[in-house]
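# Structural overview for review
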Amino acid sequence: MAWLWVSLRRLAEALLALVILFEEWGWEPLRRAFAWVARLPLMAWLGRRIEALPPYAALCVFALPTLLLLPVKLAALWLIGSGHAGLGLAVIVGAKLAGTALLAHLFQLTRPALMQLGWFARIYTRWSAWKERVLTQVRASWAWRWGRVVKRKVAQRWARWRHAGPGLH
């Protein structure tokens, strides 16, 4: 019976490591990528307006991507159910990437206002502490260490390929 718990724990560690990897390696690069869009004049103007919002209006804006992406995700599920699994999966992945980029940018804009809400600040502080404890455990796991090795190797190969140029191998 102990082997079952060990196996389940390893599986949970691997799944959690993948989620954390996406957040750790995805949130910041996606935020930076969206920052390029945010520098466009209309988006910069909109960003300044969002930063000036009062706390509860900022909360509504922060929740907006979740509401906007729900119909897109439902459409993706409809595509999958209609026999277009590849297209549906691509829509879900695209929506996840776009939503994460937008959410990261919006959180950066709304965080000062959101932290004025006592209940939000308490929840965010608890969540941050919990996430840090989980990250400490995940970073000590075999799945995380393996992922770091893979990431380093991919980065090295990518650098060699970029340095040598395409088609020269």
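Scope of this entry: the structure provided in the associated data block. On a predicted model such as this, the values are computed, not experimentally measured, just so you know.

## Thoughts on the overall build of the protein
Of regular secondary structure, the protein possesses 6 helices and 0 strands. Across the protein, helices and strands are ordered from the amino to the carboxyl terminus as α-α-α-α-α-α. A compact globule built from 169 residues would reach a C-alpha radius of gyration of about 15 Å, whereas the protein, at 20 Å, exceeds it by more than 25%. Its C-alpha atoms put the protein at 50 × 50 × 40 Å along the principal axes. Each of the 169 residues in the protein was classed as buried or not, and the buried ones make up 26%. Within the protein, contacts between residues separated by at least 24 positions form 69% of all contacts whose residues are at least 6 apart in sequence. Accessible surface for the protein amounts to roughly 12000 Å². Of this, 71% is attributable to carbon and sulfur atoms.

## Some details on the packing of helix α3 (residues 55-81) against helix α4 (residues 85-114)
One way to put it is that α3 packs onto α4 with a least axis distance of 9 Å and a crossing angle of 180°. Between α3 and α4, the crossing angle belongs to the class labelled roughly antiparallel. Taken together, the residues of the contact of α3 with α4 break down into 24 nonpolar, 3 polar and no charged.

## Here's the deal with the pattern of salt bridges
Going through the model one piece at a time under the given rule, you end up with 1 salt bridge. The shortest N-O distance in the salt bridge between E132 and R139 comes to 3.8 Å. When its relative accessible area of 42% is taken as the criterion, E132 is described as partly exposed. When its relative accessible area of 34% is taken as the criterion, R139 is described as partly exposed.

## Observations concerning helix α5 (residues 118-139)
The periodicity of an α-helix, 3.6 residues per turn, causes residues three or four positions apart to be oriented the same way. In this model α5 runs 31 Å from its N-terminal to its C-terminal C-alpha over 22 residues, within 8% of the 32 Å that 1.5 Å per residue would give. Among all positions in α5, only F120, A121, Y124, K131, V134, L135 and V138 are buried. One side of α5 carries all its buried residues, which in axial view fall inside an arc of 155°. α5 presents R126, R133 and Q137 as exposed residues on the side facing more than 90 degrees away from its buried surface.

## Here's the deal with the environment of T66
Mapped onto the elements, T66 comes out in helix α3. Residue class for T66 comes out exposed when judged on its relative accessible area of 58%.

## What about the packing of α4 against α5?
Running from N to C, α4 and α5 point in directions that differ by 120°, and their axes come no closer than 10 Å. On the basis of the axis angle, α4 is oblique to α5. On α5, the residues that touch F107, R111 and L114 of α4 are F120, A121 and Y124. A per-class count over the contact of α4 with α5 returns 5 nonpolar, no polar and 1 charged.

What counts and how
Residues numbered from 1 in each chain as written. Predicted model: local features only at pLDDT ≥ 70, side-chain atom pairs only at ≥ 80, totals over all residues. Heavy atoms only, no water. Helix = DSSP H or I, 4+ residues; strand = E, 2+ residues; numbered from the N terminus. Rg over C-alpha atoms; globule rule 2.2 N^0.38 Å. Buried < 20%, exposed > 50% of the residue type's maximum accessible area, 1.4 Å probe, protein only. Contact = heavy atoms within 4.5 Å. Areas by Shrake-Rupley, 256 points an atom, 1.4 Å probe, with all protein chains shown as cover. Axes fitted to C-alpha atoms, helices over the stretch in contact; angles between N-to-C directions. Parallel < 35°, antiparallel > 145°, perpendicular 65-115°, else oblique. Nonpolar A, V, L, I, M, F, W, Y, C, P; charged D, E, K, R; others polar. Salt bridge = Lys/Arg side-chain N within 4 Å of Asp/Glu carboxyl O. Expected span 1.5 Å × (residues − 1). Arc of directions from axis to C-beta.

Remember that the coordinates give geometry; whether it matters functionally is a separate question.
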